[in-house]
Amino acid sequence: MKAMLCKEYGPPESLVFEEIECPPLGKGQVRIAVKAAGVNFPDSLVIQGQYQFKPDLPFSPGAEASGDVTEVGVEVTTVKVGDRVVWFSISGGYAEEIVAEQSDVMPISDSMDYETAAGMFLTYGTSYHALLQRAKIQPGETLLVLGAAGGVGLAAVDIGRALGAKVIAAASTDEKLELATQYGAEMTINYSTEDIKNRTKELTGGKGVDVIYDPVGGELFEQSLRAIAPKGRMLVIGFASGVIPKLPVNLVLLKDCQVVGVFWGQFTKREPEVNAQNIRDLVRMVEDGTLTPLISKTYPLEKAVDALNEVLARKVVGKVVLTTG
Ligand SMILES: NC(=O)c1ccc[n+]([C@@H]2O[C@H](COP(=O)([O-])OP(=O)(O)OC[C@H]3O[C@@H](n4cnc5c(N)ncnc54)[C@H](OP(=O)(O)O)[C@@H]3O)[C@@H](O)[C@H]2O)c1
């Protein structure tokens, strides 16, 4: 089979597309013929050795994929040969085939296409968990989403609206904000041209915002935290800007707010039952049209470098997905 391989840590250009041996199947493992693989910002960190987990070299990046089960090992009980499935883990998705642990694989219905399945669960799973279990967001509360047209950001806009929040989308261009508006944002802030703190205060009649969803970090973190409402929840999602912000803790006291960390990957392992229910909720909401994950572009697997560079250049809206032809 062919796979994109990271043989040494480095930028996307250091990936190589090569023919490799198909690994044998072990106990409790499942072989998946990959149809589509989601591309996520964290993939760019994993290949540079800058993520929380460092897979052993060489490895294929890619944390989510969809495809068909072609073989099952002994003691596999949850899926069978021929099932359409989705898989998520830390790495291994940018390949024609995956040997997966059965606990990382879930069947998908015939109505969900492979591209949507490969591109939605990591971002929608993260944003749903963040808003529901971590922020405990309530209908009518205000939700400020930074990076609102990106992978997790657009998912947070879509889910926030579905949960009854009043969404304020914040992003770097008017085109991105237009997309967030189509996804249900009622108010927008262009943080390239507007001061996020003052504008958030203005849009909330001086009260401040109840929940902030921040996958960007950098200066925007503190600037937006200064516009949080009493009892507000600031969700720490990620640092796409490349800068991990430092927090003056007196702000948390003065604002009477909570700063809440979110680590979806760890949550899926620690609380698999809750995660499984979240995934069932998301599938139902996609199937009944409540949520509409955006796959804005697909690339053939061998063009993974181009796809990752689009992400790093802030050009992607929603998600991009690799396909195996
Ligand atoms: N905590 C978790 O469990 C979890 C799960 C998944 C992802 N994440 C993290 O969430 C962050 C976003 O991931 P994603 O897959 O949604 O990424 P994405 O699709 O690339 O979106 C990130 C957004 O951040 C903004 N941004 C600002 N500076 C940027 C820069 N230098 N490079 C790229 N984007 C920049 C961009 O919006 P503007 O142009 O509008 O500013 C972009 O749309 C990452 O840090 C990722 O590691 C965390």
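What you see is a predicted model, and the numbers here were worked out from it, not measured in a lab.

Novice: Sorry if this is basic, but what is going on with the pairing of strand β11 (residues 209–214) here?
Specialist: Each regular strand carries side chains that alternate between the two faces of the sheet. Counting buried positions over the six residues of β11 gives six, a clear majority of the element. For strand β8 (residues 142–146) and β11, the ladder comprises three bridges, and the chain directions are parallel. Bridged to L144 within β11 is I212. Two strands pair when backbone bridges link them, and β11 and strand β12 (residues 228–236) are joined in this way by five bridges, in the parallel orientation. The partner of I212 across the bridge, within β12, is M234. Traced from β11 through helix α6 (residues 219–225) to β12, the parallel crossover comes out right-handed.

Novice: Please clarify how the domain arrangement of the protein should be interpreted in this entry.
Specialist: Accessible area lost when the parts come together is the quantity often used to give the size of an interface. Under the domain assignment used here, the protein contains domain 1 (2–108 + 294–323) and domain 2 (123–265). The C-alpha centroid of domain 2 is placed 29 Å from the C-alpha centroid of domain 1. Contacts between the two partners involve twelve residues from domain 1, matched on the other side by 13 residues from domain 2. For the domain 1 and domain 2 pair, buried surface summed over both sides reaches about 900 Å², with 62% attributable to carbon and sulfur atoms. Among the residues of domain 1 in contact with domain 2, L294, R314 and V317 are the three that bury the most area, contributing 43% of the side total. At the junction of domain 1 and domain 2, the tally comes to two residue pairs in polar contact (both at pLDDT 80 or more).

Novice: Please explain the environment of T181 as it appears in this structure.
Specialist: Relative to the helices and strands, T181 is located in helix α4 (residues 174–182). Placed 35 residues apart in sequence, T181 and V216 show a C-alpha to C-alpha distance of 19 Å.

Novice: I'm lost on the site of the ligand in this one. Help?
Specialist: Lining the immediate environment of the ligand, one finds 25 residues, of which G151, S172, K176, Y191 and V262 sit closest. Backbone polar atom of F41 to an oxygen atom of the ligand: 3.3 Å apart, as the coordinates give it. A distance of 2.7 Å separates an oxygen atom of the ligand from a polar backbone atom of G151. When isolated, the ligand has an accessible area of 900 Å², and the protein chains bury 90% of it.

Novice: Explanation requested: the nonpolar core in the structure shown.
Specialist: With 48 residues, the main nonpolar core has F121, L131, L143, Y213 and L235 as its most contacted residues. Of the residues forming this core, the biggest block, eight residues, is contributed by helix α2 (residues 114–134).

Definitions and limits used
Sequence positions are assigned chain by chain, starting from 1 and proceeding in written order. Two thresholds apply to this predicted model, a pLDDT of at least 70 for residue-level local features and 80 or more for giving and counting side-chain atom pairs, whereas whole-chain, interface and lining totals are computed over all residues. Based on all heavy atoms of the structure, the side-chain values leave hydrogens and waters out of the count. When accessible area is computed with a 1.4 Å probe and restricted to protein chains, residues below 20% of their type maximum are described as buried, those above 50% as exposed, and intermediate ones as partly exposed. Helix and strand definitions here come from DSSP, where helices need a minimum of 4 consecutive H or I residues and strands a minimum of 2 consecutive E residues; each element is numbered from the N-terminal end. Pairing between strands requires that DSSP locate at least two bridges from one strand to the other. Crossovers are marked right-handed if the path from the first strand over the helix to the second runs clockwise, as seen with the strands pointing away from the viewer. Domain extents, as shown, originate in an automatic or database domain assignment. Here, residues are in contact when the closest pair of their heavy atoms is within 4.5 Å. Each of two parts loses accessible area, computed with a 1.4 Å probe, when they are put together; buried area is these two losses added. Identification of polar contacts relies on pairs of N or O atoms within 3.5 Å, with a donor-acceptor requirement for protein atoms, meaning one able to donate a hydrogen and the other able to accept it, and with residues adjacent in sequence counted only if both atoms are side-chain atoms. Residue proximity to a molecule or strand is established when one non-hydrogen atom of the residue lies within 4 Å of it. Here, Shrake-Rupley sampling with a 1.4 Å probe gives the accessible areas, and only protein chains in the shown set may cover a residue. For our purposes a nonpolar core is just a set of buried Ala, Val, Leu, Ile, Met, Phe, Trp, Tyr and Cys residues, chained together by side-chain atoms within 4.5 Å.

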